[in-house]
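Structural features, examined
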Amino acid sequence: MGSTVDAAVNRVPTSSVLMATAKHIGTKCRGENVAFMKCKKDDPNPEKCLDKGRQVTQCVLHLLSLI
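Quick look at the overall build of the protein chain now. Tallying secondary structure elements over the protein chain gives 4 helices and 0 strands in all. Helices and strands appear in the protein chain in the N-to-C order α-α-α-α. Counting the 67 residues in the protein chain, one finds 16% classified as buried. Restricting to contacts in the protein chain with at least 6 residues of sequence separation, those with at least 24 account for 53%. Total accessible area on the protein chain is roughly 5700 Å²; 58% of this is exposed by carbon and sulfur atoms.

Turning next to the state of the cysteines. Applying the stated criterion to the full structure yields 2 disulfides. Across the disulfide, cysteine 29 is cross-linked to cysteine 59 (sulfur-sulfur distance 2.0 Å). Handedness here is read from the sign of the S-S torsion; for cysteine 29 and cysteine 59, about -95°, the answer is left-handed. A residue pair is termed long-range when its members are at least 10 positions apart, and cysteine 29 in the loop between helix H2 (22-28) and helix H3 (30-42) and cysteine 59 in helix H4 (residues 50-66) qualify at 30 residues. When its relative accessible area of 0% is taken as the criterion, cysteine 29 is described as buried. Its relative accessible area of 14% is what places cysteine 59 among the buried residues. Disulfide pairing places cysteine 39 opposite cysteine 49 at an S-S distance of 2.1 Å. Residues cysteine 39 and cysteine 49 share a disulfide whose torsion about the S-S bond is about -95°; that sign makes it left-handed. Remark: cysteine 49 occurs in the loop between H3 and H4 and cysteine 39 occurs in helix H3; sequence separation between them is 10 residues.

Criteria and thresholds
- Residues numbered from 1 in each chain as written.
- Predicted model: local features only at pLDDT ≥ 70, side-chain atom pairs only at ≥ 80, totals over all residues.
- Heavy atoms only, no water.
- Helix = DSSP H or I, 4+ residues; strand = E, 2+ residues; numbered from the N terminus.
- Buried < 20%, exposed > 50% of the residue type's maximum accessible area, 1.4 Å probe, protein only.
- Contact = heavy atoms within 4.5 Å.
- Areas by Shrake-Rupley, 256 points an atom, 1.4 Å probe, with all protein chains shown as cover.
- Disulfide = S-S within 2.5 Å.

Structure follows, in structure tokens:
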């Protein structure tokens, strides 16, 4: 099973990194998070919100690449 993230190029953030940057993630990725949570609330089918989830992930990874 392949991964869409190349670990050699993009390091996967650890829980300590995510906890340390949580305030920044909450601020910078607020729009993406709100859209994802609204999608999850409106439609119980997880497949419908995959694109919104990817947008949240991309936002977080982009933010972490700037730090």
